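Each chain, letter by letter, is given below.
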Amino acid sequence: MNLKLTVNGRAHDVSVPDDMPLLWVLRDVLGLTGTKFGCGMAQCGACTVLVDGNPVRSCVRPAAAFAGRAVTTIEGLSAHGDHPVQRAWTEVDVVQCGYCQSGQILAAAALLAAKPRPTDDDIDAAMSGNLCRCGTYQRIRAAVHRAAQLQASLPPSAPSAPAPAAAAAPATPAALAATGRS
Amino acid sequence: MRRDARSAGLSRRAFLKTGAAVGGGLVVGFFVPAGMRRFALAQGAPAQPPVLPAANAFLRIGSDESVTVLLAHSEMGQGIWTTLPMLVNEELDADWSRFRVEHAPAAPAYRHTAFPIQMTGGSTTTWSEFDRYRQVGAVTRALLIAAAAKQWGVAPGECRTANGYVLREGGARGTPDAPGARRASYGSLAAAAAKLPQPASVALKPPADWKVIGKPTRRLDTPEKITGRAVFGLDVRLPGMLTAVIAHAPTFGGKVKRFDPAAARAVSGVRAVFEVPSGVAVAADHFWAAKCGRDALRIDWDPGPHADLDTAEIRESFRRRAGSAGMPAAAAGDVERALAAAPLTAEYSVPFLAHAPMEPLNCTVRRAAGGCEVWTGTQFQTVDQQRVATILGLAPDQVEIHTTFLGGGFGRRANLASDFVVEAAHVAKGLDRPVKVVWTREDDIRGGWYRPLAVHRLEAALDPVAGTPLAWRQRIVTSSILAGSPFTAMIKDGIDPTCVEGASDSPYVTAIPNHRVELHAVDTGVPVLWWRSVGNSHTAFVVESFVDELAHAAKRDPLEFRRAMLVKSPRVWEVLELAAAKAGWGSPPPPGHGRGLAVHESFGSIVAYVAEVSVEAGQIRVHRVTAAVDCGICVNPLGVSAQIESGVAFGLGAALHSELTMKEGRVVESNFHDYRILRLDEMPHVDVHVVRSREKSGGAGEPGTPPIAPAVANAVFALTGQRLRRLPLRLA
């Protein structure tokens, strides 16, 4: 079927199977590989994206369900990797293998948009569905608290939630991704 | 591809059979993982190897002032993307903000310094590269100074370096503004330096002058990992590439009897359906079409020789085996006599475990005339390279390996059969386009190569007066990881060290005058592999739990009891003592909480934990873990702390939740809903205390895992009086 998807503020027309999950449209059709495949059954959170600001497991929901809604992936969270959550992740030195971190960061961004000063219990409730096999959980907790501070110190006009219109669509041509780091 | 099934019949299994086929003709003889470092030390590994590394293989300095370090090892979360550049810069003195990092290709220059292959494992990276990467920095700095001195017509000895510049201070007093003062950036000197001959020797800085080593340093890979730019194997995309998934046999050693590809071919986007040695491949325009195609396949399987596998039966057969003597792995004194009168006995067991890295296994292959390229997150570059070459009829150097970031490894990506890489090579052979082979989580959980199931039978005798241990017998029944693999040569005197490490060399066990550690290595047909900390993942649980049992039997404080046993291992004792002191051992825990402790040495490092637990609604909850670690010289304390936290989480998930079971030859669990790992709300607060040490570096990635299960089990005993001898821990 033909679909209109708005991802990171950019409109896309795609032709995909009816049941194709949003995850695979993002990764295999649009080339936005920052969103990860971990389990395929909404058990690990690696595929978390934001839809209208809310965290969604993109591996189990067909892309068709999101036509016309604002999808934000890790590539679109901030233009320069400086969302308060990303800054806190850097300060606290959270990442290890990094594979789950796109999902962790988006889950944290959604939490902070809803609860600017989350407690440990709030963090546990919001983020225990995002698995990390490296066990970065202690630093994730610390970084969410730090991100709350950073967010609070932003000028009032600055957006704390992703600003889809301002986010430049990242260049991910196939050849670039393929040669990337290797 | 699964390891070839060998004949079944647990009761008759000859242990440590080594005659099985060796894939790809690859035979590598290197020493045991746990003993690697000790072995290297015993060989008198020199501080300065006779031949300096070719600096240009490891380091590039650009005219744009960029400093690019090539890693001979794989970054899988453990932080070497930062640690190895730190070692370079200890000597190079460049601008840290200019550092970039790449994985090196598979090539002889990047062989492990202790072993004849290029690989990442055994927590060896930092200690094995401690000299080489510093030498690379020192050689390069010497060349830059030589280039500057030549350009300025001065002696190299008149020059120094600072933060990416070569400097010469002019005038008699050496002031920077005086006549004759010179300054040139590394980038501006790089081209001239590259033309100079490499010096025959360089002097490395004495430890007293270190500025980088020991400095807490944030990771260099964070920017790309928090923005989605980091390229993992699964993220590789090539023009014209197909994505394939494989229908694997539901039983270990199963084979395709016949299959009907029609329904799979009818799925929109599916381009090819064909048999490969490991099953049936479905290649499509994207993952979703390939997976739907696989779901539509109709396959008749020959279940093979292991169609009756049942973990309950395996455990029972292991228990029976534990009743008879095994091969001795350690022996002293007269255990029979010392155990003659009413010994303390106990039986412990642990299950099969999957590594379950967050990134499912995957591998991309592009064939071209006269060669091929492989993109994958691997821990085993040259092993994989040789296997792919064999399958595609190429020489190894015609196979270019691009190592991507690894979305976790934990040993799974150091596969004895290169299973996921070999499979991709076979799929690529059947296609005329590049292909990425992707495993689903179900493929991963059910795909074998597990931490082996193990049963330990313990017997001990205490001195009736002093309460000190007089005798210890430990019979370990488990499966050999190395038997029949390319690493069979690591088996010494019939003992696969990966089965007994952490027990046969335990400082507790070897301090007991009469002791004996025995092994029954049983092939169950289930492919097994090194899982973060390998044999230590079960031996530490058993040894530290049983020592705790002895302490309570002797009516002694667990810490004091261990002090007496560790008299000849002062370094181990000091780490335990530090953790205990920091945890307030001896003071009462909060109401409703219990404390337990454990210490274990593995991979050249010692880690001790004090765990504080409670039981809520029948569930064990771990609130706090106080950790002490002695890993010798600690290059990056921030990274070591992260690895200890990581080891706690990995080991605690296994201690509380993870277990694979098999019934009628099939793995019951399939995904994270029934193969549970630790979640954020179960993560205890972890305090890490790193011992300041000038001893040679040990590992950091693995040593944090072994002692958490016994620390928690010992805390549960302290709180409830229940001695839990089986993982995962379940209260009665």
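Parameters at a glance
- Residues numbered from 1 in each chain as written.
- Chains lettered and ligands numbered in written order.
- Predicted model: local features only at pLDDT ≥ 70, side-chain atom pairs only at ≥ 80, totals over all residues.
- Helix = DSSP H or I, 4+ residues; strand = E, 2+ residues; numbered from the N terminus.
- Rg over C-alpha atoms; globule rule 2.2 N^0.38 Å.
- Buried ≥ 20, exposed ≤ 12 C-beta atoms within 10 Å, placed from the backbone.
- Contact = placed C-beta atoms within 7 Å.
- Pairing = 2+ DSSP bridges.
- Axes fitted to C-alpha atoms, helices over the stretch in contact; angles between N-to-C directions.
- Core = buried A, V, L, I, M, F, W, Y, C linked by C-beta atoms within 7 Å.
- Domains from an automatic or database assignment.
- pLDDT = per-residue confidence, 0-100.
- Nonpolar A, V, L, I, M, F, W, Y, C, P; charged D, E, K, R; others polar.

Engineer: Tell me about the overall build of chain B, residues and numbers included.
Structural biologist: Of regular secondary structure, chain B possesses 20 helices and 26 strands. Here the C-alpha radius of gyration of chain B, 27 Å, is about what a compact globule of 732 residues would show, namely 27 Å. Oriented by its inertia axes, the alpha-carbon framework of chain B measures out at about 85 × 75 × 45 Å. Out of the 732 residues belonging to chain B, those deemed buried represent 59%. In chain B, the proportion of contacts linking residues at least 24 apart, taken out of those at least 6 apart, comes to 78%.

Engineer: Pulling in residues and values, what's your account of the environment of R563 of chain B?
Structural biologist: Within the secondary structure layout, R563 of chain B lies in helix α17 (residues 558–565). As for R563 of chain B and W573 of chain B, which are separated by 10 residues in sequence, their C-alpha atoms are 6.4 Å apart.

Engineer: Just give me the short version of the sheet that holds strand β22 (residues 605–616) of chain B, but keep the residues and values in it.
Structural biologist: All names here are of chain B. Taken in spatial order, the four strands line up as β21-β22-β23-β26 in an open sheet, and their pairing is mixed. Each edge of the open sheet is held by one strand with a lone partner, namely β21 (594–602) and β26 (685–690). In this sheet, neighbouring strand axes are inclined to one another by 20° on average, regardless of whether the strands run parallel or antiparallel. In this structure, strand β23 (residues 619–630) lies alongside β26, joined through six bridges in parallel fashion. Note on β26: the bridge partner recorded for V629 is V690.

Engineer: Tell me about the nonpolar core, residues and numbers included.
Structural biologist: Nonpolar side chains in soluble globular proteins tend to end up buried together. Ranked by internal contacts, the top residues of the largest apolar core, which has 282 residues, are A244, V282, A579, A608, Y609, V629 and V712 of chain B. Examining the composition of this core, we find that 12 residues originate from one element, helix α4 (residues 125–152) of chain B, more than from any other. Counting only domains with at least three residues in this core, you end up with domain 1 (2–77 + 163–168) and domain 2 (84–152) of chain A. Setting aside its immediate chain neighbours within four residues, V282 of chain B contacts A244, V245, A264, V270, V273, A290, G293, R294 and L297 of chain B.

Engineer: Give a description of the confidence of the model for chain B that names residues and reports values.
Structural biologist: All names here are of chain B. Per-chain confidence: chain B averages 92 in pLDDT, with 92% of residues scoring 70 or above. Low pLDDT (under 50) marks residues 1–50, which in the prediction has 102 contacts with non-local residues, meaning those over four places away or in another chain. As a predicted assembly, this complex carries a pTM of 0.92 together with an ipTM value of 0.92.

Engineer: Give me the lowdown on the interface of chain B and chain A, citing residues and values where you can.
Structural biologist: In this assembly, 60 residues from chain B lie in contact with 52 residues from chain A. Broken down by secondary-structure element, the contributors of at least two residues to the side of chain B that touches chain A are β3 (99–103), α6 (222–225), α8 (287–296), β16 (399–403), α19 (637–656) and β26 of chain B. Residue contributions to the side of chain B that touches chain A peak at seven residues, all from α19 of chain B. Class assignment for the residues of the side of chain B that touches chain A results in 30 nonpolar, 18 polar and 12 charged.

Engineer: Describe unusual backbone geometry, and please don't skip the residues or the numbers.
Structural biologist: Residue and element names in this part refer to chain B. The omega torsion of the bond from L727 to P728 falls at -10°, within 30 degrees of zero and hence cis. Its place among the elements puts P728 in the segment after α20 (708–720). For S533, which is not a glycine, the phi torsion comes out positive at approximately 85°. Mapped onto the elements of the fold, S533 is located in the loop between β20 (514–521) and α16 (536–553). Even without a glycine there, the phi angle at E664 is positive, about 50°. Tracing the backbone shows E664 in the loop between β24 (662–663) and β25 (666–667). Note on E664: 12 C-beta atoms within 10 Å, which makes it exposed.

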